[in-house]
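Per-entry structural report
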Amino acid sequence: MRTIVAALVVAVLGCAPAQGARPVGPTPAKADTASPPPGPGALSTPNADPFPSTYTPFPSRPTAIRNATIFTATGPRLEHATILLRDGKVAAVGADVAIPADAVVIDGTGKYVTPGLIDAHSHLGVYPAPGTEANSDGNEATNPATPQVWAEHSVWPQDPQFPRNLAGGVTTLQVLPGSANLFGGRSVVLKVVPSRTVQGMKFPGAKYGLKMACGENPKRVYGQKGGPSTRMGNVAGYRAEWIKAEQYRRRWDKWNADHKGDPPPRDLGLETLAEVLRGDMLVQMHCYRADEMAVMLDVAREFGYRIRSFHHAVEAYKIADLLARDSVSASVWADWGGFKMEALDGVLANMALVDQAGARTVVHSDDPSGSQRLAQEAAKGLAAGRAIGLSLTEEDGIRWLTVNPAWTLGLDDRIGSLAVGKNADVVLWSGDPFSVYTRTDKVWVDGALLFDRSDPAEQWRTDFELGYVAQPGGSR
Amino acid sequence: MTRARLTVPVLLLAAAPVVTAAQTIAITGGKVFPVSGPPIERGTVLIRDGRITAVGADVTVPAGATRIDAAGKWVTPGLVDLNTELGLVEVGFGAGANEASAKGQDAVAASFRPWVALNPGSVLIPPAREGGVTTVAVWPVGGLIAGQGALVDLLDGSMTDMLLAAPAGMAGQVSSDEDAGVGARGELFGRLRDLLENAREYGRRKADYDRGQMRPVPYRREDLEALLPVVGGKLPLVLVADRAADIEASLALAADLNIRIVIAGGAEAWQVADKLAAAKVPVLTGAMNNIPQSFNALGSRQENAALLRKAGVTVALIGNGGGDEELFNVRNLRYEAGNAVAYGMSWDDALRAVTLSPAEAFGVADRVGALAPGLEANVVIWSGDPFEFATAAVHVLVRGREFTAPSRQDLLIQRYRMLPLRRR
């Protein structure tokens, strides 16, 4: 842990000046000034960033992993290949990579290298462990429409599930509000790194997501509390909010363009929805049933926004062609189903059938245990597809774990593959990642080694674990 | 995006030959893992009338026997999953299809026998079988004493045909004060002791009880009656316990009252492994838990099962990671074993922990859990290492009968594998 603690100090000190980079921060008022000027919070500005990321990469050394099997996620696997990480980026990958003299060289013989895995559906930090009433902060279940809440304001960075996720090879997470509400609030994209603050985990420049939910959950939660109590009530609820949001967007876009007269009143919830309508925010929609997904595609068309991904989507295989047509990814489990009526028709081949239809399959977890074993989930999906005669490669499974979730988060230009210039989020596996016997050996985030199974000193322990969880805790 | 291509036009459903119980069946040429004995490189398993009659390298196959060629394949006993609600719960919530919880009285429902309502037609059974699971325990849940559990074979028959042992054990828990209707753990153990002592007293003085000559007992007669085999040391009391202190208190109670217990869950069991081994108390635990999910499970770690085994504890692996392993994903038991191996258990021990050990823990090792003459012909033929994701169960026999009918999930896939649909 020594290295990480030292790095943390460096990072915190090192990025203090970066605070000055706040795009719209107020100038500090002089002590003798009567009142400070109004802050930007008075206005509804597109892509405002009032809680900016303070993440800076941890210190890293040039690192080369040689003679490994490398899944780049963009092409076929490379055998006996080398990858070079430098300055937080993938500097070179291939059979003939010159290893600089100052590089840490890791023998990858018999081992596998993949991009850092990306979980597009997590509640880490908002539903932390241990599960307590006091820290249960994932569902603002007070109104069916709460687009005004932001998941990042619930995230507890000391959730001991974070380091376990990193040890499972996950380097990027989308943390979402829960699914009690039609509009659950904003998601946040986090790097799985130690930090005192959530801002220190936020993925710089990542778009926000809007969590929405179909089906049983909202009507169950609100059925006895004023509604909606039916699926038709759910749909009326979405449409009513989008009508308001469109009015809000027009009013503010006009005012932001001409600054004529008093600014319109600001509304945090409608502001989030307006951002979706402007295309600045990605809709991440909890939806199980095929017929409901099809209705939601029509609602999106009615109001002129896009749904980026249907989450849970156990029936995605029934409408995989529609998902392909509208470029909506299906973020799915390998094998969950049956636990409620809308999950009844879950099948093991869902991942494979969605892929076959030309839509994007995303292996997601919605679960702190599954999130540590995403490659095992993909392995089940691959096997199920092959069992019904589909021709699937391990490279396909890797895409489900990396580039496809990166696209779902709008970050495929930075993460999810090991092309030169991409962020050096890298996992070294003890063997084939799709074998049940394989474990992660090492995990790098932006080129910095943040997990090393062979070295307890390189294993992040949250504040919570100190004194509560004996080292080595968990699997580590 | 690479497009997956179709290479085989139909589902691989009808794996010939289909065999039925009233036959002699010879499974030949496979790598046989009897579990009760050493592996046999190219062995034969001979089955007659639903039972295994011979297992070995040079077994003579009688003329007329139906042969299943297992060359290049792995042959194991059917897996035994001790932690399911199969047939009791069809849909977890919102559907009124849940028969796993009794009302009881003051959190005690010892007389509850949930298998009376066991649904042999549950669509969740075929997928479990496709995962190589042929015998399961079905348990009630809730309260301090949830009721009795049964062991059932996953065959295609009536509820009574399926029963292997009923009751197989009494289900209780010492990890939730709230569920037990008490305020603190000390109160919980006090209440559990009082209940068991009352049952014993009732058993000794039934006649006095009936004549009203026994002091008032705050428990239902039927519950006391149901607890008699527990206090008599005949029926194991399965206690869900995660915290090391709760496990120790359970061991102390069992020693005091001279009853048999089994620990289920056991997140921190590795911390008291020596005591569990000395008391010969089996532990049912998963191999994929490493999250301090509550203050009862701060010591949760993936090496738990391996450490217990190393200390000499009888370990039965169960799925309890929150992925619906009790119902929809009973089929995933084999991955629990694979993960146990990844975290320190030997492969042989892991196989034992999903076959013979669970059978031993509930006294049915003379019926299931191994490949040996006289045992039920619950046999799985795998395409390879059963713990690997790429491996499939090619043939699954329960009491000598092979199952090949498509599951509901198979039917859904058949219907939707080619999009867009026509005339649907």
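These figures come from a predicted structure and were not determined experimentally.

Remarks on the overall build of chain A
The secondary structure content of chain A amounts to eleven helices and 18 strands. Relative to the globule expectation of 23 Å for 476 residues, the C-alpha radius of gyration of chain A, 23 Å, shows essentially globular dimensions. The burial tally for chain A puts 58% of its 476 residues in the buried class. Partitioning the intrachain contacts of chain A with sequence separation of at least 6 by distance along the chain shows that 70% fall at a separation of at least 24.

Digging into the overall build of chain B
A tally of regular secondary structure across chain B gives 13 helices and 17 strands. For 424 residues, the compact-globule estimate of 2.2 N^0.38 gives 22 Å, and the C-alpha radius of gyration of chain B, at 23 Å, lies within 12% of that figure.

Quick notes on the sheet that holds strand β14 (residues 361–363) of chain A
Residues and elements named next belong to chain A. Spatially, β8-β10-β11-β12-β13-β14 is the arrangement adopted by the six strands of the open sheet, whose pairing is mixed. Edge positions in the open sheet fall to β8 (183–186) and β14, since each of these has one partner strand only. The average angle at which neighbouring strand axes cross in this sheet is 25°, direction not considered. Judged from the three bridges that link them, strand β13 (residues 329–332) and β14 form a sheet pairing that is parallel. Looking at the pairing, V332 lines up with V363 of β14.

Here we look at the packing of helix α4 (residues 185–204) of chain B against helix α6 (residues 221–231) of chain B
All names here are of chain B. Contact geometry for α4 and α6: axes closest at 8 Å, N-to-C directions at 95°. Regarding the angle of α4 to α6, the classification is roughly perpendicular. Each of L196, N198, A199, R200, Y202 and G203 in α4 lies in contact with α6, whose residues at this interface are L224, L227, L228, V230 and V231. Class assignment of the residues belonging to the contact of α4 with α6 gives a composition of eight nonpolar, two polar and one charged.

Here we look at the nonpolar core
In a soluble, globular protein the nonpolar side chains are often hidden away together inside. Residues I83 and L450 of chain A together with I263 and L317 of chain B are the most contacted members of the largest nonpolar core, which totals 275 residues. A per-element tally of this core places helix α9 (residues 374–387) of chain A first, with eight residues. Per-domain counts for this core show at least three residues from each of domain 1 (24–77 + 383–415) and domain 2 (79–368) of chain B.

Topic: the domain arrangement of chain B
Accessible area lost when the parts come together is the quantity often used to give the size of an interface. Residues and elements named next belong to chain B. In terms of domains, chain B is made up of domain 1 (24–77 + 383–415) and domain 2 (79–368). For domain 1 and domain 2, the distance between their C-alpha centres works out to 29 Å. On the side of domain 2, 23 residues touch domain 1, which itself brings 17 residues to the contact. Looking at the side of domain 1 that touches domain 2, the elements that each hand over two or more residues are β6 (74–77), β16 (393–398) and α13 (408–416).

Quick word on α6 of chain B
All names here are of chain B. Buried within α6 are the following residues: D223, L224, A226, L227, P229, V230 and V231. The inward-facing, buried residues of α6 abut β9 (145–153), β10 (163–173), α4, β11 (237–241) and α7 (244–257). Where α6 ends, the next residue or the one after it, G233, has phi of about 75°, a positive value.

Things to note about the interface of chain B and chain A
Chain B puts 55 residues into the contact, and the matching count from chain A is 60 residues. Looking at the side of chain B that touches chain A, the elements with two or more residues in it are β1 (5–6), α10 (333–342) and α13 of chain B.

Some points on the pairing of strand β6 (residues 117–122) of chain A
Residue and element names in this part refer to chain A. When you tally the buried positions in β6, you get six out of six residues, the bulk of the element. Where β6 lies against strand β7 (residues 170–175), four bridges are found, and the strand directions are parallel. By the bridge assignment, D119 is partnered in β7 with L173. Taken together, β6, helix α2 (residues 161–167) and β7 constitute a β-α-β crossover, and its handedness is right-handed.

Points about the sheet that holds strand β9 (residues 188–191) of chain A
Residue and element names in this part refer to chain A. In spatial order, the strands read β6-β7-β9; together these three strands make up an open sheet with mixed pairing. In this open sheet, the two edge strands, each paired with only one partner strand, are β6 and β9. Recorded for the sheet is a direction-independent mean angle of 20° between the axes of neighbouring strands.

Structural notes on the packing of α4 of chain B against α7 of chain B
Residues and elements named next belong to chain B. With their axes 11 Å apart at the nearest point, α4 and α7 run at an angle of 20° to one another. Here α7 runs roughly parallel to α4, going by the angle between their axes. Like other packed secondary-structure pairs, α4 and α7 cross with a definite hand, here right-handed. Packed against α4, whose contacting residues are R185, F189, L192, R193 and L196, the element α7 presents D246, A249, L253 and L257 at the interface. Residues belonging to the contact of α4 with α7 are distributed by class as follows: six nonpolar, no polar and three charged.

Remarks on α13 of chain B
Along α13 of chain B, the residues that are buried comprise Q409, D410, L412, I413 and Y416 of chain B. The arc that holds every buried residue of α13 of chain B, seen down its axis, measures 160°, which confines them to one face. Buried residues belonging to α13 of chain B abut α8 (350–356) of chain A together with α1 (125–130) of chain B.

Observations concerning unusual backbone geometry
The peptide bond linking A129 of chain A to P130 of chain A adopts the cis configuration, its omega dihedral lying at -10°. Locating P130 of chain A in the fold gives a position in the loop between β6 and α2. Phi at D324 of chain B takes a positive value of approximately 60°, unusual for a residue other than glycine. Among the secondary structure elements, D324 of chain B is positioned in the loop between β14 (315–317) and α10.

Details of the environment of D335 of chain A
With respect to the element layout, D335 of chain A can be found in the loop between β13 and α8. Overall, the presence of 28 C-beta atoms within 10 Å leaves D335 of chain A in the buried class. Sequence-wise, D335 of chain A and M351 of chain A are 16 residues apart; in three dimensions their C-alpha atoms are separated by 9.5 Å. For D335 of chain A, the contacting residues outside a window of four places in its chain are L348 and K380 of chain A together with N329 and N332 of chain B.

Thoughts on the pairing of strand β10 (residues 209–213) of chain A
All names here are of chain A. In terms of burial, β10 is a largely internal element, five of the five residues being buried. In β10, alternate side chains face the same way, and those of G209, K211 and A213 on one face and L210 and M212 on the other are all buried. Of the strand pairs in this sheet, β8 and β10 are connected by three bridges, and their pairing is antiparallel. Paired with G185 across the two strands is K211, which belongs to β10. The pairing of β10 with strand β11 (residues 282–287) spans five bridges and is parallel. Bridge assignment links K211 to a residue of β11, and that residue is Q284.

Calculation rules
Residues numbered from 1 in each chain as written. Chains lettered and ligands numbered in written order. Predicted model: local features only at pLDDT ≥ 70, side-chain atom pairs only at ≥ 80, totals over all residues. Helix = DSSP H or I, 4+ residues; strand = E, 2+ residues; numbered from the N terminus. Rg over C-alpha atoms; globule rule 2.2 N^0.38 Å. Buried ≥ 20, exposed ≤ 12 C-beta atoms within 10 Å, placed from the backbone. Contact = placed C-beta atoms within 7 Å. Pairing = 2+ DSSP bridges. Axes fitted to C-alpha atoms, helices over the stretch in contact; angles between N-to-C directions. Parallel < 35°, antiparallel > 145°, perpendicular 65-115°, else oblique. Nonpolar A, V, L, I, M, F, W, Y, C, P; charged D, E, K, R; others polar. Core = buried A, V, L, I, M, F, W, Y, C linked by C-beta atoms within 7 Å. Domains from an automatic or database assignment. Right-handed = clockwise from strand over helix to strand, strands pointing away. Left-handed = near helix turned anticlockwise from the far one by under 90°. Arc of directions from axis to C-beta.

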